[in-house]
Amino acid sequence: MTNEELCQALNYVNATRENRCKMANKIEENLPLIPILIAISKDNKDPISCKASWVLESLVKKKLEFIFPHIDVFTRSLSSVTLESSIRPASKICSLLVEYHYSNKTSLSKKVLTKKHLNTIAEAAFDWLIGNHKVAPKAYSMTTLLLLGKNITWIHPELQVILKQNYENGSAAYKARARMTLKALKKS
């Protein structure tokens, strides 16, 4: 599949999980398309960028290691993603990466994710947490930052301040996740 064929195929992707998974299976058969998929996902002017983000999320959920060879490209793209429908999948991928990194079976992740990658993910997560975004990217960011704060000392104090400041104006879902995160921060 060429770049042009990928763009054409993405036009037919919709929000259904089945449809996104079918496209992720096609990408799995041609893994060199992943950097192109990442590039499309950060093109905020193109309406297929969110579809590329959905497919990338489905692919990564299927097998996280698919993104490891392209981790530099992915983390560099985080600051460029501005469409809300692309931010949610990007924040989910970041959450998955960090959860895997801090799980017991992370020997490969520890070799792939450098301090620079983790700091870039932390910066993006804070941007999504304090920005005018929906609750899903904020919730994924809370999880990401809670875990990253285990090794990056400045994160937990900053996270606690932000959650307390934004708590009163947050939605019910935001408040529920913030309470859970603040409770976990007290234990750590």
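Residues numbered from 1 in each chain as written. Predicted model: local features only at pLDDT ≥ 70, side-chain atom pairs only at ≥ 80, totals over all residues. Heavy atoms only, no water.

Asks: Please clarify how the side chain of serine 53 should be interpreted in this entry.
Replies: Within the fold, serine 53 resides in helix H4 (residues 49-62). Judged by relative accessible area, serine 53 falls into the buried class, the value being 4%. Among the polar contacts made by the side chain of serine 53, one reaches the side chain of serine 86 at a distance of 3.4 Å. In contact with serine 53, other than residues within four places in its own chain, are Ser41, Ser86 and Pro89. (Helix = DSSP H or I, 4+ residues; strand = E, 2+ residues; numbered from the N terminus. Buried < 20%, exposed > 50% of the residue type's maximum accessible area, 1.4 Å probe, protein only. Polar contact = N/O pair within 3.5 Å; in protein donor to acceptor, adjacent residues only side chain to side chain. Contact = heavy atoms within 4.5 Å.)

Asks: What am I meant to see in the packing of aromatic side chains here?
Replies: Two aromatic rings are characterised by how far apart their centres lie and by the angle between their planes. Summed over the entire model, instances satisfying the criterion amount to two aromatic pairs. Measuring from centroid to centroid gives 6.2 Å for phenylalanine 68 and tyrosine 100, while their planes differ by 45°, and the two rings are tilted. In this pair, phenylalanine 68 is assigned in the loop between H4 and helix H5 (71-77) and tyrosine 100 in helix H6 (residues 84-101), connecting sequence segments 32 residues apart. Here phenylalanine 68 and tyrosine 100 have matching classes, each one buried. Relative to tryptophan 154, the ring of phenylalanine 126 lies with its centre 5.5 Å away and its plane at 25°, an arrangement referred to as stacked. Separated by 28 residues along the polypeptide, phenylalanine 126 in helix H8 (residues 115-130) and tryptophan 154 in the loop between helix H9 (135-148) and helix H10 (155-166) bring together distant segments of the chain. (Phe/Tyr/Trp six-rings, centres within 6.5 Å; stacked < 30°, edge-to-face > 60°.)

Asks: When you look at the state of the cysteines in this model, what are you seeing that I'm missing?
Replies: Between two cysteines, a covalent bond joining their sulfur atoms is known as a disulfide. Applying the stated rule across the entire model yields zero disulfides. Cysteine 7 takes part in no disulfide bond, and the closest cysteine sulfur, belonging to cysteine 50, lies 13 Å away. Free of any disulfide, cysteine 21 has its nearest cysteine sulfur in cysteine 50, 16 Å distant. By relative accessible area, which is 32% here, cysteine 21 ends up partly exposed. (Disulfide = S-S within 2.5 Å.)

Asks: Please clarify how the environment of lysine 164 should be interpreted in this entry.
Replies: Examined against the element boundaries, lysine 164 turns out to sit in helix H10. Residue class for lysine 164 comes out exposed when judged on its relative accessible area of 53%. Taking the C-alpha atoms as reference points, lysine 164 and lysine 134, separated by 30 residues in sequence, lie 18 Å from one another.

Asks: Explain the packing of H10 against helix H11 (residues 172-187) to me, please; I cannot follow it from the model alone.
Replies: How two helices sit against one another is set out by the angle between their axes and by the gap between those axes. H11 packs onto H10 with a crossing angle of 145° between their chain directions and a minimal axis gap of 10 Å. When you trace H10 past H11, the crossing you get is left-handed. Of H11, the residues touching H10 (which contributes His156, Leu159, Gln160, Ile162, Leu163, Lys164 and Asn166) are Tyr174, Ala178, Thr181, Leu182 and Leu185. Residues of the contact of H10 with H11, tallied by class, amount to seven nonpolar, four polar and one charged. (Axes fitted to C-alpha atoms, helices over the stretch in contact; angles between N-to-C directions. Left-handed = near helix turned anticlockwise from the far one by under 90°. Nonpolar A, V, L, I, M, F, W, Y, C, P; charged D, E, K, R; others polar.)

Asks: Could you clarify how one ought to interpret the nonpolar core in this entry?
Replies: The tendency in soluble globular proteins is for nonpolar side chains to be buried as a group. Core analysis: the largest hydrophobic core is formed by 61 residues, its most contacted members being Leu10, Ile27, Leu56, Phe74, Leu97 and Leu148. Apart from the residues lying within four places of it in its own chain, the contact partners of leucine 10 are Met23, Leu37, Ile40, Ile48, Lys51, Ala52 and Val55. (Core = buried A, V, L, I, M, F, W, Y, C linked by side-chain atoms within 4.5 Å.)

Asks: Just to check I follow, could you spell out the pattern of salt bridges for this structure?
Replies: Where charged atoms from two side chains of opposite charge come close, those side chains can pair. In this structure the tally under the stated criterion is four salt bridges. Between glutamate 18 and lysine 22 there is a salt bridge whose closest N-O contact spans 3.7 Å. Taken together, the residues span about one helical turn, with glutamate 18 and lysine 22 both in helix H2 (residues 17-28) at a distance of four residues. Assessed through its relative accessible area of 51%, lysine 22 is described here as exposed. Between glutamate 57 and arginine 88 there is a salt bridge, with its nearest N and O atoms 2.5 Å apart. (Salt bridge = Lys/Arg side-chain N within 4 Å of Asp/Glu carboxyl O.)

Asks: Would you explain the environment of valine 73 in this entry?
Replies: Note on placement: valine 73 falls in helix H5. When the C-alpha atoms of valine 73 and glutamate 57 are compared, they prove to be 15 Å apart, with 16 residues separating the residues in sequence.

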